[in-house]
Amino acid sequence: MRIKLKHFLSVLFVLFVQLIFAQESTLTGKVTDMGGLPIPGANIIVKGTTISAQTNFDGEFTINAQRGQILVVSFVGMKTVEVTAATSMLIKLGDASNQLETVVVVGYGTQSKKKLTDNIARVTAKDIQQIPVSNVQNALVGKLAGVQITQTNGKVDGGINIRVRGAASISAGTQPLYVLDGIPLVTTNESSNGAPTNPLLTLSPNEIESIDVLKDASSAAIYGARGANGVVLITTKRGKEGKGTFSINLSQGVSQATNKRKWLNADQYIELFTEASINGLGDAAEAEDTFEFLAQGTDWRNREVDTDWQDTAFQDGYNTDADFSVSGGDAKTRYFFSGAYNNTTGIINSNALERITARSNVSHKISDRFTAGMNLSFSRSQIDRVQDDNSFTTPLQAVAQSPLSPARLADGTANPNTLYANYLLAIDNAFWKTLMRRVTGKVYGEFKILPSLKANSDFSYDLLSQTEDAWSGRNTPFMATDGEVFATSVNNETYIYSNYLTFDKTFGEKHDINAVAGIEFNKFNRRFQSVTSIYFPNDSFQTVDGGAEVNAGSGNETDYTFVSQFGRLTYSFADKYIFKASIRRDGSSRFGKNERFGTFPAFSAGWIISEESFLKDNATLTFLKLKGSWGKLGNAELGNFASRQLFGSNPYNLKSGLSFAQAGNDNLTWEKSTQIDFGVEFGLLNRISVEADYYRKNTNGLLFSVPLSISSGATSINQNIGEVQSSGVEFTLNTKNIDSDNLKWNTSFNITTNESEVLSMPNNNKDIVGTFTINRVGENISSFYLVEYAGVDPANGDALFVKNTLNTDGSLDKSTTNNYATAKRVISGNPFPTLMAGLTNTINYKGIDFSFTFQGEWGASIYNSAGIYQSVAADYFDNQTIDQLDRWQNPGDITNVPQARLYGSNGTGASTRFLDKSDFVRLRNLTLGYSLSGNAIKELGMTSVRLYATGVNLLTFTNYSGYDPEARRDDTGIGEEFYSTPPARTIALGVNINF
Amino acid sequence: MKSNKLILIILFATFFASCDSELEIDPRQNEDATVTLSTESGIMNILTGAYAIAADGDVYGGRILTSADLLAQTGITATTDFRWRGTFAECRQMYSKTMLVNNGFVQQIYTRNYQIINAANTVIENVDKVQDPAKRATMVAEATFLKSLAYFDLVRFYAKPYEAGQANSQLGVVIRPNAIYDFTIDLAKERSTVSEVYALIITGLNLAYNDLPEENSFYADKYAAKALLARVYLQQGNYPAARDAAHEVIENSGRTLSTKYANAFNHDVNQSEDIFAIQITKQTGENEVTNLYASENNGGRGGDIEIRSNYLNKFTDPADERRNFNYINPDNGRRLTSKYTNQFGDVQLMRLAEMYLIRAEANFREGTFLGNTPLTDINLLRTRANAANFLTVNLASILRERELELAMEGFAIHDLKRTKRSIDVFADGSKLIPYNDNTLVFPIPLREMDTNSKITQNPGYGS
């Protein structure tokens, strides 16, 4: 047999090659950072295989690899590098915190920050984690230009208001659209007691990878009809290829109110009210009679009782946080699991929150072309609530009680005979528990049809289920039915189904095209029911079944849908010239049948000048980009049936009846907001980066509940009227001040200006007047509209007001009068700030990290609608603020506080007397951490341990005389405070351990 | 491969097809107006709904009554009949005659009454959907009755008083003769004169009287219209007409005085004495009188309005049940009326005792004896209350009897205005508030001033 030599040799050759490749060899290496410090826990993977290794505490590793293979080396926060395998490798990893390398999330995709022509502000996990606040929005304060975040008040369940670039509306919603992993979140407040609950309480900061706020038309237009107020994209964490990591975080904190006000003590109370009684009624009899009653048998003449009611309402708050997360993956599968527990005791008596959240994000590459995944999370929050700010039994209204009243009787029960209902009776004899359970999930698939064309299909589901149980025992104030139980149950369900195609290809090395086209269907249903029962045998029966009579019940349902189509095209030439266009068409069940659909286009363009040949290698000006955008957005937030003329159920004596419920308007449609943005970004010396933008948003066809002449039988009608404009400048500066091996110091500063002005109104620009505010052409939106207080007449102690009537020559009569009814209201202030700034500094020195954030707001005022009870020099027996002791007493006295006159209504009309500027600067966060090093850590299997101390709202600098410049009433009104709780100042200690 | 691509393209095509039909959603708790106005049951329900608006605590569920009584008080603890102790600034302003243009209770009385008027007009204009002609006539009559009731309280509160024998061309209130369906147009309108409003009220009540049945369950019936007419005529000082109307009700309505004074109050269903009462249940309506007059145990806020000795001293007979028809609230020592101790009790708007008082006063002023002498009528009420009978009566004692019988039921300020008495603030003549003072008239609510470009504000109120 003749063996063909060629064949034999080729077989041998193959075998030989096989042997070479089959040889097991072990290579070693070391991974350090740019400064030479070893990086423990870095991942090394042989590219294209599942072979991996991890560096030890000294940064060394060994791996089964052949010389010449490609190794992928990565570590969190650092740029991933690929090296060719060799023996004794030394691999240096550079910081990935270079702004331009980051990737931001845009709607239905991602984009590199460098080539972005939109305006998007971003925070990442490390900016927001480990801040001891019970809700996520609180952690964003001061960090995002153009985004104003205001905590409504200090209750644990207190809502948060976010305004992106000022107001784009007056009465349609002003909150941005929240999108969690592509799911628009239900953020309606489902509270039944007047004060809102915050549905974003159900998110825990530790599951969030990044928050991107889409601020301009070009970015937000892809969300079309709901993007006018900006879009907040929340992205949760995913696993990364590499060895699994496990980390836990524990912290414990203490909170107090940021500020307390000073009220009269027993001495001062008796002094002021006796004087007021003599001045107002002729003698002290009325005051002394009342003191007798308030003292309830104690010896008020000798000040036996001197209750500090404010103290009883506040308490020390505690926060406990414990969370863990597990994340990792290999070439095919990535996973992220997390769980968190938070227990917050509020700074207000009987207010508390306990929450658990858990999440699982898994994705798997089923084939080369097809990836599928599922994100699933659930959370359960239980809140012990207090009443809304306007309710008598809200704890902070206790400041109105007299110091002469004992808070509790000798036997420890709450004193029922106080000036106002004693909230302690409510706390002792009632509870209001709200339980929010949320399940949010997304199933998605991505199929690569061609290398450059992929198809995504997402199906998301969000269920917010809330129950409230409110029990009032027989001794609760105003209880006449031997106890009452009120129970509600509400389910909000959202389904979203999105399908989109993405095309991504570079032609001829210079032409980059990215295109997205898709459809989305969004359906929402809300079902609510409640029941009330009364007449209970005793206080141990606290559920509906315990009552003898079910005396009220209600149930209702509502739905809405959105059907949308969208597309986006991005083209860039040579990475220098970038163009982007997007369009979205939305239809919704919410709008009048004549105007059901809207189309929202947007365009933007950018020029990266630093890529041009004349700047490309410039060492000083390392980056320069110009960009601009224009687009149309919509605001759809106004009731599900606002355009219809409706009759609603109104029974009489248990017989069915119908009454006119809503005036209709078939032409009611979206608010249309046109937004432009021009900006420049530049970087100097690779250390300084600056972004400056001018923005202008014009909204016309405002959705407005226009007041009607009430003698017509209807009080208001929904119309698209008027136009407002919000404009301003944003400036962000990021600097790397020191960047050496041991010491790093970065600063980030942002400042935003905003003017929100009314441009036109219906009925020939007629003013629309509210309780304390007005919308008038040429003025700020919802400006304060009040009678102007002019101090006190030194001759007789009368309160004076500026007449502000119109003179024949058109000027205003600025003379004063003591007759409140003849003074006219004028524009007196702005409830929204016109200047906002934030400053964050981060310092790292060896193992120590230190960072702090300041925020400031200027230009806003707050109207204290409780001022007519609290600061009126003893007009009625409410306890007064201490400044009322400066009242006028003798002719010739110069003071701002009028004479004390009991029942005299001296200066009690709503006026600028109760309006105060709320400019402030606050040290918002401060964190000091220390990362332990040493062999002890290594032996326990940990890769890092960090101890930290952190504080929130530590210092506040303001001249505002109320509780806090961020405390506002939570049941109604704009820019009003009414016994509103100040936010909490919290200090926490914690430890963070990574395995 | 190709077929796969085709399948994919078809799939995406179907996805891209719009689901526009999903956009047609109807509200579930409300009904489109075009549907309601086109059916018989819809119109009948709107009429019931008009009663329901009246049963709101803002108006006939209570505040129409409490406002009338608070306005008549001196505002000074030592001299007042009833003292305001509560926290509502709105009530305090009425009590001390310092009402502001943005007074919320003033605004709500105005708003609700006009809602009643629009609902009534809607029924009248759409009653052709109702098949039975007799039912149609009754419904129109009921709607007209409610309209007249609303206009009467509007003109009594928001305009200067009716001056008997004068032309009464002072500004009254806005008249809306037709239902309004289109709210997108300008609805500004000026107030009509007081005489025009009264003319409308009387025409309406006469029509209602003609077409209402003698009995109509707890809804308005013939004698409710007649009783209200008696009250209107009395307010106008038209004593003969008032006397005749009151007489008709006493003689023919089938109502009788409750045997015990206490039985006239706090009831859940109409009693023999009720001519027209607002029905309140635990689920429907709000009893705002109890809320302000009763202790917490009796369903109120603790006694925001308390009885002072000044009032008790008006009784000449200490055994008069009406003098003792009160209790001391153990929580705070206030003397509170027993007329309102049922949180879900009905609110009596017209009861037979008032008719006797009207007949007696009108007879006395006219020198007639229709039905009974004034003395007999007064003594009838006194006997019922176990009070010693009078031997003679004069105008002062008849007017005083009204205060003893009808206190806290919403009559005080209107009686004061029609008899042209003044409020003697310090009980010594040093400070008098005359019956036609600016401060005794409600302001036109600020909200109406801001939205109705043609309306004129009452004197003494800035904006």
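Calculation notes
Residues numbered from 1 in each chain as written. Chains lettered and ligands numbered in written order. Predicted model: local features only at pLDDT ≥ 70, side-chain atom pairs only at ≥ 80, totals over all residues. Heavy atoms only, no water. Helix = DSSP H or I, 4+ residues; strand = E, 2+ residues; numbered from the N terminus. Rg over C-alpha atoms; globule rule 2.2 N^0.38 Å. Buried < 20%, exposed > 50% of the residue type's maximum accessible area, 1.4 Å probe, protein only. Contact = heavy atoms within 4.5 Å. Lys, Arg positive; Asp, Glu negative; His and termini not counted. Charge placed at Lys NZ, Arg CZ, Asp CG, Glu CD. UniProt positions renumbered as here; feature names shortened; annotations may be inferred. pLDDT = per-residue confidence, 0-100. Core = buried A, V, L, I, M, F, W, Y, C linked by side-chain atoms within 4.5 Å. Polar contact = N/O pair within 3.5 Å; in protein donor to acceptor, adjacent residues only side chain to side chain. Patch = residues over 30% accessible without salt bridge, like charges linked within 9 Å, V, L, I, M, F, W, Y side chains within 5 Å. Areas by Shrake-Rupley, 256 points an atom, 1.4 Å probe, with all protein chains shown as cover. Salt bridge = Lys/Arg side-chain N within 4 Å of Asp/Glu carboxyl O. Buried area = accessible area lost by both parts, 1.4 Å probe. Pairing = 2+ DSSP bridges. Expected span 1.5 Å × (residues − 1). Axes fitted to C-alpha atoms, helices over the stretch in contact; angles between N-to-C directions. Phe/Tyr/Trp six-rings, centres within 6.5 Å; stacked < 30°, edge-to-face > 60°. Lys NZ or Arg CZ within 6 Å of the ring centre and 35° of its normal.

As annotated in an unreviewed UniProt entry, chain B carries the name RagB/SusD family protein and comes from Flavobacterium fryxellicola.

## Points about the overall build of chain A
A count of helices and strands for chain A gives 10 helices and 53 strands. A globule of 995 residues ought to have a C-alpha radius of gyration of about 30 Å, and chain A, at 32 Å, matches this closely. If one aligns the C-alpha atoms of chain A with their principal axes, the spans along those axes are about 135 × 65 × 65 Å. Out of the 995 residues in chain A, the part that is buried amounts to 56%. For chain A, long-range pairs separated by at least 24 residues make up 68% of all intrachain contacts whose partners lie at least 6 apart in sequence. In chain A, 87 positive and 100 negative side-chain charges are present, and the distance between their average locations comes to 12 Å.

## Here we look at the UniProt feature "domain: SusD-like N-terminal" (unreviewed entry) in chain B
Annotation from UniProt places "domain: SusD-like N-terminal" (unreviewed entry) at residues 31-234 of chain B. A distance of 43 Å separates the end C-alpha atoms of residues 31-234 of chain B, which is 56% helix and 2% strand.

## Overview of the confidence of the model for chain B
In the predicted model, chain B carries a mean pLDDT of 92, and the fraction of residues at 70 or more is 95%. Model confidence for the complex: the whole-complex pTM is 0.74, and ipTM, which rates the interface, is 0.89.

## Some thoughts on unusual backbone geometry
Positive phi values are uncommon outside glycine, yet N653 of chain A reaches one of about 50 degrees. Within the element layout of this structure, N653 of chain A appears in the loop between β30 (646-649) and β31 (658-662). Although it is not a glycine, N386 of chain B sits at a positive phi angle of roughly 55 degrees. By secondary structure assignment, the location of N386 of chain B is in the loop between α14 (374-384) and α15 (395-406).

## Regarding the nonpolar core
One finds F145, Y158, I278 and M355 of chain B to be the most contacted residues of the largest nonpolar core, which totals 136 residues. When residues in this core are grouped by element, the largest group, 14 residues, is from helix α7 (residues 133-158) of chain B. Membership of the second largest hydrophobic core comes to 45 residues, among which are A257, F273, I348 and Y420 of chain A.

## Brief notes about the environment of D693 of chain A
Residues and elements named next belong to chain A. Among the secondary structure elements, D693 is positioned in strand β33 (residues 688-707). Once the C-alpha coordinates of D693 and N667 are considered, the two residues, 26 residues apart in sequence, prove to be 36 Å apart. With residues near it in sequence (within four places) discarded, D693 still touches N119, R165, K627, D677, F678, G679, G728, V729 and E730. Within the local environment of D693, its side chain forms a polar contact with the side chain of K627, the two groups lying 3.5 Å apart.

## Quick notes on a nonpolar patch on the surface
Residues and elements named next belong to chain A. On the surface, a nonpolar cluster with roughly 750 Å² of combined accessible area is contributed by I356, M374, L376, F378, V439, V443, F459, Y495 and Y497. Put simply, the parts of the chain that give the nonpolar patch at least two residues each are β21 (370-384), β22 (430-450) and β24 (484-507). Per element, the largest residue contribution to the nonpolar patch is three residues, and it comes from β21. With respect to the helices and strands, the residue M374 is situated in strand β21.

## Observations concerning the interface of chain A and chain B
Tallying the contact residues gives 89 residues for chain A and 85 residues for chain B. Counting each side, the surface lost to burial between chain A and chain B is near 7100 Å², with a carbon and sulfur contribution of 59%. Considering only the side of chain A, the residues that lose the most area to chain B are F647, Y652 and I710 of chain A, jointly responsible for 12% of the buried surface there. If you look at where chain A meets chain B, you find seven salt bridges. Here E549 of chain A ties to K282 of chain B by a salt bridge, and the two come within 2.9 Å at their closest N and O atoms. Linking chain A to chain B there are 27 residue pairs in polar contact (both at pLDDT 80 or more). No other element matches the 13 residues that strand β26 (residues 549-573) of chain A contributes to the side of chain A that touches chain B. Pairing between β30 of chain A and strand β1 (residues 30-32) of chain B: three bridges, direction antiparallel. For L646 of chain A, the partnering residue across the bridge sits in β1 of chain B and is D32 of chain B.

## Examining helix α4 (residues 266-281) of chain A
Note on helix geometry: an α-helix contains 3.6 residues per turn, so any two residues three or four positions apart are oriented the same way. Residues and elements named next belong to chain A. The terminal C-alpha atoms of α4 lie 22 Å apart, and with 16 residues this matches the ideal 22 Å at 1.5 Å per residue to within 8%. Where α4 is buried, its residues contact α5 (285-295). Between the side-chain oxygen of the N-cap and the backbone nitrogen of D267 there are 3.2 Å, and the N-cap of α4 in question is N265. One or two positions beyond α4, positive phi appears at G282, with a value near 105 degrees.

## So, helix α9 (residues 222-236) of chain B
Residues and elements named next belong to chain B. Here α9 is 15 residues long and its end C-alpha atoms lie 21 Å apart, about the 21 Å a rise of 1.5 Å per residue gives. Most of α9 sits out of view: 15 of its 15 residues are buried. The N-cap of α9, judged by a side-chain oxygen 3.0 Å from the amide nitrogen of Y223 a few residues on, is D221. A positive backbone phi angle near 75 degrees is found at G237, which sits one or two residues after α9.

## Re the sheet that holds strand β40 (residues 789-792) of chain A
All names here are of chain A. Strand order in the open sheet made by the three strands is β40-β41-β44, with antiparallel pairing throughout. If you trace the sheet from one side to the other, it starts and ends with β40 and β44 (816-817), each paired once. The pairing of strand β41 (residues 799-802) with β44 spans two bridges and is classified as antiparallel. Considered in β44, the bridge of F801 is made with T817.

## Considering the environment of L812 of chain A
All names here are of chain A. By the element assignment, L812 lies in strand β43 (residues 812-813). For L812, a relative accessible area of 36% puts it in the partly exposed group. Measuring from C-alpha to C-alpha, the distance between L812 and Q870 comes to 31 Å, with 58 residues separating the pair along the chain.

## Regarding a negative patch on the surface
Taken together, the side chains of D289, E292, D299 and E304 of chain A present a region of like negative charge at the surface. Summarising the element assignment, E292 of chain A is placed in helix α5.

## Observations regarding the pairing of strand β8 (residues 103-106) of chain A
Residues and elements named next belong to chain A. Two strands pair when backbone bridges link them, and β8 and strand β9 (residues 109-112) are joined in this way by four bridges, in the antiparallel orientation. The partner of V106 across the bridge, within β9, is G109. The antiparallel pairing of β8 with β9 creates a hairpin that spans two residues between the two strands, and Y108 there sits at a positive phi of about 55 degrees.

## Notes on the side chain of D849 of chain A
Structurally, D849 of chain A is set in strand β47 (residues 848-858). One polar contact links D849 of chain A to R946 of chain A, side chain to side chain, over a distance of 2.8 Å.

## Focus on the sheet that holds strand β1 (residues 26-33) of chain A
Pairing between the strands of a sheet is mediated by backbone hydrogen bonds and can be parallel or antiparallel. Residue and element names in this part refer to chain A. On the basis of which strands lie adjacent, the open sheet formed by three strands has the order β4-β1-β7 and mixed pairing. Only two strands of the sheet have a single neighbouring strand rather than two, namely β4 (60-64) and β7 (89-93). The mean inter-strand angle of the sheet, taken between neighbouring strand axes irrespective of direction, is 35 degrees. Pairing of β1 with β7, which is carried by five bridges, proceeds in the parallel orientation. Across the sheet, residue G29 finds its bridge partner in β7, namely M89.

## Section: the packing of aromatic side chains
For the structure shown, the criterion picks out 51 aromatic pairs over all chains. Centroid distance F246 of chain A to F324 of chain A: 6.4 Å. Interplanar angle 45 degrees. Geometry classified as tilted. Of this pair, F246 of chain A sits in strand β17 (residues 242-257) while F324 of chain A sits in strand β18 (residues 317-329), and the two are 78 residues apart along the sequence. Here F82 of chain B and Y311 of chain B contribute two aromatic rings whose centre-to-centre distance is 4.8 Å and whose plane-to-plane angle is 40 degrees, an arrangement assigned as tilted. Linking F82 of chain B in strand β2 (residues 82-84) with Y311 of chain B in helix α12 (residues 309-312), this pair joins segments that are 229 residues apart in sequence. Given a relative accessible area of 6%, F82 of chain B falls into the buried group. One aromatic cluster in this structure is built from Y269, F273, F291, W300, Y876, F877 and Y903 of chain A. Its end group placed over the ring of F832 of chain A, R163 of chain A keeps NZ or CZ at 3.8 Å from the ring centre.

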